[in-house]
Amino acid sequence: MGIGQLIWKISVALYLIVNGIMGIKDGGDFKTIFNVIFGGNQSTLALICGIIALIAGICIVLNMLRIEVSFLPTLVLVVAIVWVVYIVIEILAFVKGGFSLGELQTLAVHLMVLGSLIIATGRFGDN
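Below you will find a few notes about this structure. Every chain's residues receive numbers from 1 upward, in the order its sequence appears when written. For this predicted model, a pLDDT threshold of at least 70 governs which residues receive local features, and a threshold of 80 or more governs which side-chain atom pairs are given and counted, while totals over whole chains, interfaces and linings are taken from all residues. Note that water and hydrogens are dropped before the side-chain values are worked out from all heavy atoms of the structure.

What follows concerns helix H3 (residues 43-64). Look at H3: 31 Å from first C-alpha to last across 22 residues, which is about the 32 Å you get at 1.5 Å a residue. The classification of residues rests on relative accessible area computed with a 1.4 Å probe and restricted to protein chains. Under 20% of the type maximum is buried, over 50% is exposed, and intermediate values are partly exposed. What counts as a helix is a DSSP run of H or I of at least four residues, what counts as a strand is a run of E of at least two, and both are numbered from the N terminus. Buried within H3 are the following residues: Ala46, Cys49, Gly50, Ile52, Ala53, Ala56, Gly57, Cys59 and Ile60. Along its buried surface, H3 packs onto helix H1 (3-25), helix H2 (28-38), helix H4 (72-97) and helix H5 (101-121). After H3 finishes, the residue Arg66 shows a positive phi value of roughly 70°. A helix is expected to reach a length of 1.5 Å times the quantity of its residues less one. Only heavy atoms enter the contact rule, under which two residues are in contact if any of them lie within 4.5 Å.

Moving on, we come to the nonpolar core. Among the nonpolar cores identified, the biggest contains 30 residues, and Leu16, Phe30, Ile60, Val76, Val79, Trp83 and Leu117 are the most heavily contacted of them. When residues of this core are traced back to their parent elements, those giving at least two are H1, H2, H3, H4 and H5. Looking at which element gives the most residues to this core, the answer is H4, with 10 residues. With residues up to four places along the chain from it excluded, the contact list for Val76 reads Leu16, Ala56, Ile60, Leu117, Ala120 and Thr121. In this text, buried Ala, Val, Leu, Ile, Met, Phe, Trp, Tyr and Cys residues form a nonpolar core when linked through side-chain atoms within 4.5 Å.

A word on the packing of aromatic side chains. Aromatic rings from Phe, Tyr and Trp, taking only the six-membered ring of Trp, are treated as a pair when their centres fall within 6.5 Å; an angle between ring planes under 30 degrees marks them as stacked, one over 60 as edge-to-face, and anything in between as tilted. Under the defined criterion, the tally for this structure stands at three aromatic pairs. Taking 5.9 Å as the distance between ring centres and 80° as the angle between the ring planes, the aromatic pair formed by Tyr15 and Trp83 counts as edge-to-face. Here Tyr15, found in helix H1, pairs with Trp83, found in helix H4; they are 68 residues apart in sequence, far enough to count as distant. On the basis of relative accessibility, which here comes to 27%, the residue Tyr15 falls in the partly exposed class. On the accessibility criterion, Trp83 (1% relative accessible area) is buried. Taking the centre distance of 6.2 Å and the plane angle of 15° together, the rings of Phe34 and Phe38 count as stacked. Here Phe34 and its partner Phe38 are both found in helix H2, four residues apart, which amounts to about one turn of the helix. With a relative accessible area of 7%, Phe34 lands in the buried category. A relative accessible area of 52% places Phe38 in the exposed class. Of the aromatic side chains, those joined through ring pairs into one cluster are Tyr15, Phe30 and Trp83.

So this is what it looks like as structure tokens:
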């Protein structure tokens, strides 16, 4: 494994683990995503997604240690699907109301996260 791939795997694992902990603790990014998608307070969905993200991040670390986890691609795919829905809503909001450079920068970060999640699933031939 090259240094770039190692850094990428560490960053995806760290991102999922931290967002998982935040999702379990207070909702984190997942609470924001689900509140935007469904409105109201979506703490339960954020908690469920936080648990999934935490497990996925730990599984990526295990995978880096050469411990195979058969359900890893499915876990990461679930998080990626949530991210896709959020990005689509984010883009629709931009089209409807315009956007600032800061919002465009946030969209770029969300797209980078999505790309990393898609690669991490291993289902699209990108890894």
